[in-house]
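One letter stands for each residue in the lines below.
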Amino acid sequence: MSAFSAIGEQREAEEDEFTPGIEPQPTWCPGCGDFAVNNALKKAMARLGKNPDEVLLCTGIGCSGKLNSYFESYGFHTIHGRSLPVARAAKLANPGVEVVAAGGDGDGYGIGGNHFMHTARENHDMTYIVFNNEIFGLTKGQTSPTSPKGHKSKTQPSGSAKDPVRPLSLSLASGASYVARTAAVNPNQAADIIAEAVEHDGFAHVDFLTQCPTWNKDARQYVPYTDVQDSDDYDFDVTDRQEAGEMMYEVESKLYEGEVLTGRFYRDEDRRSYGEEKRATGEMPEEPLAERYYDEDAEWERCAEQLIDKHT
Amino acid sequence: MTDQELIWRIAGGSGDGIDSNSRYFAKALMRSGLDVFTHRHYPSRIRGGHTYVEVRATPDGAASRGDGYNFLLALGDSFARNPSEDAYYGNEELKPLTENLDDLREGGIIVYDSGLIDDEQVEEINLEERAEENGWHVYPVDLRGIAKEHGREIMRNNAGIGVTAALLDMDTSEYEGIMEEMWEEDILEANLAVIQDGYEQAQEFDQTHDLSIPDHDGPDEEQALVSGSDAIAYGALDAGCRFISGYPMTPWTDVFTIMSQNLPKFGGISEQVEDEIAAASLALGASHAGVKAMSGSSGGGFALMSEPLGLAEMSETPVVLVEAMRAGPSTGMPTKPEQADLEHVLYTSQGDSSRVVLAPGDQQECYEQIRTAFELAYDYQIPAILVYDQKLQGELRNVDASFFDREPDADPGSVITEEEIAEAAEHHAGKFKRFQYDADDGKEGVSPRSVPGQKGGRFLATGNEHNEAGHISEDPTNRVLQMDRRLGKLASIREELDEKGNQTHHGPEEAEYGIMCWGSHQGTVFEAVDRLNDAGHSVKAIGVSDLMPYPKEEVSAFLESVEECLVVEMNATAQFRGLTQKELGRFGPKLSSLLKYNGNPFEPAEIVEGFESSIEGEELAVSNMKYVPAAGD
Ligand SMILES: Cc1ncc(C[n+]2csc(CCOP(=O)(O)OP(=O)(O)O)c2C)c(N)n1
Ligand code: SF4
């Protein structure tokens, strides 16, 4: 028997398998958008027939980072901004495991911005969900990288002088091969998009608009959304970089004018994931590396041969 | 120490082929049966500047660079075109000659490249006069001319080898054999011709000196010429490490490079990533997924790893980090050794530290201790740090090749199988009790570990305080139980380390005085101890490798047995002496310090001198070291 029998098991899964047996008292505020992410993720995983034991969820720090406590799977609640480097190495070490990373907008676009850019660039085969509530939740309402210009908070009492980041454009420019935005007010679309993202072979970035009723009452996430795939007004080719880029630019500008557009904005099915690239150049073993440690027949090369050749 | 030794120094500009050339030369001497030890000095620049490598060769063991040197091969700095008048590192081709004269011993040999260093320049520095005063023997040779005749100027270094061989009465066949293994046919031919030409020209000289290759027998056993970096990298691979992530920083880059070149051949993965926070985080991710992983850096980069290091402690994710020290603070002196990151490595990151810190004293210890670091990290689910420095990183030394012929260790430590998980009673509503208070697998504080993809092993690893199942918890009782369990591992680790005997003792057991050291200059200290005892003193030394958990009993016994102890280290604030006093809580009045932090490692004679001044309570005559007396009682 393989050391990892949960991986790839053919099965029909129930949503509640992804709910912890003994659920800890939720620390999220009533009405928080984070509940919607959790629900969509559970739904997507059940639909794909995943086994909680084959999923690794890596989170950052923030209210969003608490997702691990309410979603049943293997988990690694890392440190602020660092879920991506932890997640991508786990995927390289054992490509069979379904790796999902999640965190807030401060976590992902602020402190972890460098990792975001490079993980997208390398196109690691994983899903990255960013809970975008335009605010720092857990540290009690400071301005975040997605807060609109002029947004007042305790640390920017006169209103932020900065333009917000454009996460979708940033993602596309960095090299993500799947980019989508969904919203807590749109649970069906959210589950569909997350399921697609998990299925996608490459870096799938989902910007998830969530509300923070406690610290960010003016956020636009409450207003009705438009699904660009359902609307005749938005016609663009989701596989064309340039068209996708123009569409994202429009979407990101409109968000701060009060129009919320969601859906899939870019998808590249042809680009090889990082793991495949690395395997193609001979930099990565064909078989999942983690398996070797449990394989009694594995041959463990000794250094002496390399060393004696070179150093004697 | 031996009277019969050659210390050959080749000097030139970075990029003049000093490094490769000296490596071949050292290897040739080793193959002929001598013991060799190299020391490399180079500035933080890519081309030009004053750089040299020393190769020390003796028939009976070379544990340090030695004192001064007795043969200078000055190539002439071909990159010496720095237009700035007051640039510290030369504007003149002459520097490889002038910069090196102070350390040249009486009666030594100077060979310089008269093709690059012209007579007028030499006249200006009164070389003749100085040579007479010091009994030096000067041989100008047009090395550049010889090389040019056969095609390329860069072969100057090999012309120098030919000259060296003729002057020392050395057979060039070992050296030529190495060239044959390394070079393509056409380049090889030209180089061999250059060596031969140099040899023949030098044979014509009137040989006034009495230096020659030390007498020696043939090799007893096949030897390997390795640096600390080689030994660390190969030790890690034999420890079953199959994942490395890093970001370049001198001097850590060396280990990273060697690992990256070898891992694909071993079925492993190397990742050069965006920064050191990512590097350490990737190592944690790979380890969490079930692969033995390491990362590392030097001072500044290790500072960035501080937070992931704390995460490893709290989430009990095994990982090995190596820290290659260089002179600080900040970017300090990138290519110069220092031992001033000790406190950084011991205490960086928030909270109470639960980590293992080991400091090897030579190449063999590098290999042994990186294996120990992996063993402890994976058996005890704790981060282990190997701290070494720029000196140990780069210096080469011969070691019996058979020493490295060991079984690889594929055991991922405390991970359990799916069958064991299925039978485990602690299964808790689908969640595995990953952080069980009182699991009993014979190792104190260690609970069983599962990895993603295993059936029934689900758990949450988190840097927040958590309960047995991994859920975040601020419950005071749980907090104390978990803290005590994590910190308690250090006691079991101490016992294992005692069994391994990582501390190295040297000198007569009943000696009156002690010297303590840690890390890379252990060999230098031991050599000094031999000389002191030969000179009628009564001294012994201990090289301490375990910094956390600290070997309290062994060091206490050592300190109890001596009158006084000199603590030798390469930093300005006596960090290791401070650690010893903190850990032992006594012996303050017995401990004095000999410190050096000018960027150059200790030479044995300096330690001899420092020891003699310390016991006589005299001022140090040498200005590049500092003596800090005992704290009083
Ligand atoms: C290195 C570091 N800096 C700061 C913090 C404090 N901190 C915790 S959560 C957080 C902000 C989280 O905001 P966001 O990522 O938007 O997530 P949210 O709480 O809104 O879900 C900060 C600054 C930390 N834990 N670590
Ligand atoms: S503070 Fe905001 S983001 Fe955090 S749990 Fe409450 S509502 Fe959600």
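Below: a short report on this structure. Keep in mind it's a predicted model, so treat the numbers as computed, not measured.

Each value, and the rule that gives it
- Residues numbered from 1 in each chain as written.
- Chains lettered and ligands numbered in written order.
- Predicted model: local features only at pLDDT ≥ 70, side-chain atom pairs only at ≥ 80, totals over all residues.
- Heavy atoms only, no water.
- Axes fitted to C-alpha atoms, helices over the stretch in contact; angles between N-to-C directions.
- Helix = DSSP H or I, 4+ residues; strand = E, 2+ residues; numbered from the N terminus.
- Parallel < 35°, antiparallel > 145°, perpendicular 65-115°, else oblique.
- Left-handed = near helix turned anticlockwise from the far one by under 90°.
- Contact = heavy atoms within 4.5 Å.
- Nonpolar A, V, L, I, M, F, W, Y, C, P; charged D, E, K, R; others polar.
- Expected span 1.5 Å × (residues − 1).
- Buried < 20%, exposed > 50% of the residue type's maximum accessible area, 1.4 Å probe, protein only.
- Pairing = 2+ DSSP bridges.
- Polar contact = N/O pair within 3.5 Å; in protein donor to acceptor, adjacent residues only side chain to side chain.
- Core = buried A, V, L, I, M, F, W, Y, C linked by side-chain atoms within 4.5 Å.
- Buried area = accessible area lost by both parts, 1.4 Å probe.
- Salt bridge = Lys/Arg side-chain N within 4 Å of Asp/Glu carboxyl O.
- Phe/Tyr/Trp six-rings, centres within 6.5 Å; stacked < 30°, edge-to-face > 60°.
- Near = heavy atom within 4 Å.
- Areas by Shrake-Rupley, 256 points an atom, 1.4 Å probe, with all protein chains shown as cover.

1. Remarks on the packing of helix α7 (residues 173-182) of chain B against helix α8 (residues 185-203) of chain B
All names here are of chain B. Two numbers describe how α7 lies on α8: the axes approach to 10 Å, and their chain directions differ by 165°. Taken together, the axes of α7 and α8 are roughly antiparallel relative to one another. When the axes of α7 and α8 are compared, the crossing they make is right-handed. Residue-level inspection shows Tyr175, Glu176, Met179 and Glu180 of α7 in contact with α8, the latter providing Leu188, Asn191, Leu192, Ile195 and Gln196. When grouped by side-chain class, the residues that make up the contact of α7 with α8 number five nonpolar, two polar and two charged.

2. Some details on unusual backbone geometry
Glycine aside, residues mostly have negative phi angles, and peptide bonds mostly take the trans form. Cis rather than trans, the peptide bond between Thr250 of chain B and Pro251 of chain B has omega equal to -5°. With respect to the helices and strands, the residue Pro251 of chain B is situated in the loop between β8 (243-246) and α10 (253-262). A cis amide bond links Gly328 of chain B with the next residue in sequence, Pro329 of chain B, at an omega value of -5°. Along the chain, Pro329 of chain B falls in the loop between β11 (319-325) and α14 (342-347). Positive phi, close to 60°, is recorded for Glu134 of chain A, a residue that is not glycine. Within the secondary structure, Glu134 of chain A sits in the loop between β4 (126-132) and β5 (135-136). Of note, Asp169 of chain B is a non-glycine position whose phi angle comes to about 60°, a positive value. For Asp169 of chain B, the position within the fold is in the loop between α6 (156-168) and α7.

3. Some remarks on helix α7 (residues 187-199) of chain A
The first and last C-alpha atoms of α7 of chain A sit 18 Å apart over 13 residues, in line with the 18 Å expected at 1.5 Å per residue. Looking at α7 of chain A, one finds that the buried residues are Gln189, Ala190, Ala191, Ile193, Ile194, Ala195, Ala197 and Val198 of chain A.

4. As for the sheet that holds strand β18 (residues 539-544) of chain B
All names here are of chain B. The strand order β16-β18-β17-β20-β21-β22 describes an open sheet built from six strands, whose pairing is mixed. A strand with exactly one partner marks an edge of an open sheet, and here the two such strands are β16 (504-506) and β22 (625-628). For this sheet, the mean angle separating the axes of adjacent strands, direction not counted, is 20°. Pairing geometry for strand β17 (residues 513-518) and β18, over six bridges, is parallel. Bridge pairing in β18 links Ile515 to Ala541.

5. Concerning the side chain of Asn216 of chain A
All names here are of chain A. Within the element layout of this structure, Asn216 appears in the loop between β8 (203-209) and β9 (225-227). You can call Asn216 buried: its relative accessible area is 2%. Here the side chain of Asn216 touches Asn133 through a polar contact of 2.9 Å, landing on its backbone oxygen.

6. Considering the environment of Tyr388 of chain B
Residues and elements named next belong to chain B. Along the polypeptide, Tyr388 turns up in strand β13 (residues 383-389). Counting along the chain gives 28 residues from Tyr388 to Pro360, while the straight-line C-alpha distance between them is 6.7 Å. In contact with Tyr388, other than residues within four places in its own chain, are Ile232, Trp252, Val255, Val322, Glu323, Ala324, Met325 and Gln393.

7. Topic: the nonpolar core
Residues and elements named next belong to chain B. In this structure, Met259, Met294, Met516, Leu547 and Phe576 are the most contacted members of the largest nonpolar core, which totals 146 residues. Residues within four places of Met259 in sequence aside, it is in contact with Ala233, Ala236, Leu237, Cys241, Ile244 and Met294. Within the second largest apolar cluster, 48 residues are counted, among which are Phe25, Leu34, Leu167 and Ile178.

8. Some remarks on the interface of chain B and chain A
Taken together, the 77 residues of chain B in the interface contact 64 residues of chain A. Roughly 5900 Å² of surface becomes buried between chain B and chain A when both sides are summed, with 58% attributable to carbon and sulfur atoms. Between chain B and chain A we count eight salt bridges in total. Taken together, the connections running from chain B to chain A amount to 33 residue pairs in polar contact (both at pLDDT 80 or more). Those elements that place two or more of their residues in the side of chain B that touches chain A are α1 (18-31), β7 (223-227), α9 (228-238), β9 (269-272), α11 (276-288), α13 (306-315), α17 (418-423) and β15 (460-462) of chain B. Class assignment of the residues belonging to the side of chain B that touches chain A gives a composition of 34 nonpolar, 23 polar and 20 charged.

9. A short note on the sheet that holds strand β2 (residues 74-77) of chain A
Taken together, nine strands build an open sheet; the order of strands is β9(A)-β10(A)-β7(A)-β8(A)-β4(A)-β3(A)-β1(A)-β2(A)-β15(B) and the sheet is mixed. Edge positions in the sheet fall to β9 of chain A together with β15 of chain B, since each of these pairs with one other strand and no more. Within the sheet, the average angular offset between the axes of one strand and its neighbour, ignoring direction, is 20°. For β4 of chain A and β8 of chain A, the ladder comprises seven bridges, and the chain directions are parallel. By the bridge assignment, Met126 of chain A is partnered in β8 of chain A with Phe203 of chain A. On top of the sheet, helix α1 (residues 34-47) of chain A reaches β1 (55-59), β3 (98-104), β4 and β8 of chain A; it is set at about 160° to β4 of chain A, its chief contact.

10. Description of the packing of aromatic side chains
The description of an aromatic ring pair rests on the distance of the ring centres and on the angle between the ring planes. All names here are of chain A. A complete count under the given rule lists 23 aromatic pairs over all chains for this structure. Judged by centre distance (5.6 Å) and plane angle (90°), the ring pair of Phe4 and Tyr294 falls under edge-to-face. You can see Phe4 sitting in the segment before α1 and its partner Tyr294 sitting in the loop between α10 (289-292) and α11 (303-311), a full 290 residues away along the chain. Residue Phe4 is classed as buried on the basis of its relative accessible area, which comes to 3%. For Tyr294, a relative accessible area of 24% puts it in the partly exposed group.

11. Examining the environment of Asp275 of chain B
Looking at the element boundaries, Asp275 of chain B is found in the loop between β9 and α11. The exposure class of Asp275 of chain B is buried, given its relative accessible area of 12%. Spatially, the C-alpha atoms of Asp275 of chain B and Pro408 of chain B are 30 Å apart, while their sequence positions differ by 133 residues. For Asp275 of chain B, the contacting residues outside a window of four places in its chain are Asn114 and His115 of chain A together with Tyr247 of chain B. From its side chain, Asp275 of chain B meets the backbone nitrogen of Ala278 of chain B in a polar contact 2.7 Å long.

12. Quick look at the pairing of strand β10 (residues 260-267) of chain A
Note on strand geometry: in a regular strand, side chains alternate between the two faces of the sheet. Residue and element names in this part refer to chain A. Judged by how many residues are buried, β10 sits mostly within the fold: seven of eight residues are covered. As defined by bridge partners, strand β7 (residues 178-183) adjoins β10 across four bridges and the pair is classed as antiparallel. Counted as the bridge partner of Tyr178 is Arg267 from β10.

13. Re the site of ligand 1
Near ligand 1, the surroundings consist of 17 residues, among which Cys63, Gly106, Asp107, Gly137 and Leu138 of chain A are the closest. Mapping the residues near ligand 1 onto chains gives chains A and B. At 3.0 Å, a backbone N or O of Gly106 of chain A approaches an oxygen atom of ligand 1. In this structure, Ile135 of chain A approaches ligand 1 through a main-chain N or O atom, which is 3.1 Å from an oxygen atom. Relative to its unbound accessible surface of 590 Å², ligand 1 loses 77% to contact with the protein. Residue assignment for the shell around ligand 1 shows that the elements contributing at least two residues are α4 (105-111) and β5 of chain A. With four residues, the top contributor of residues to the shell around ligand 1 is α4 of chain A.

14. Description of the pattern of salt bridges
Taken as a whole, this structure holds 56 salt bridges over all chains when the rule is applied. The partner of Arg121 of chain A in a salt bridge is Glu122 of chain A, and the shortest N-O contact between them spans 3.9 Å. The partly exposed category is assigned to Arg121 of chain A, whose relative accessible area is 47%. The salt bridge partner of Glu527 of chain B is Arg56 of chain B, with a shortest N-O separation of 2.8 Å. In this pair, Glu527 of chain B is assigned in helix α19 (residues 522-534) and Arg56 of chain B in strand β3 (residues 48-58), connecting sequence segments 471 residues apart. The pair formed by Glu527 of chain B and Arg56 of chain B is uniform in burial state, with each residue classed as buried.

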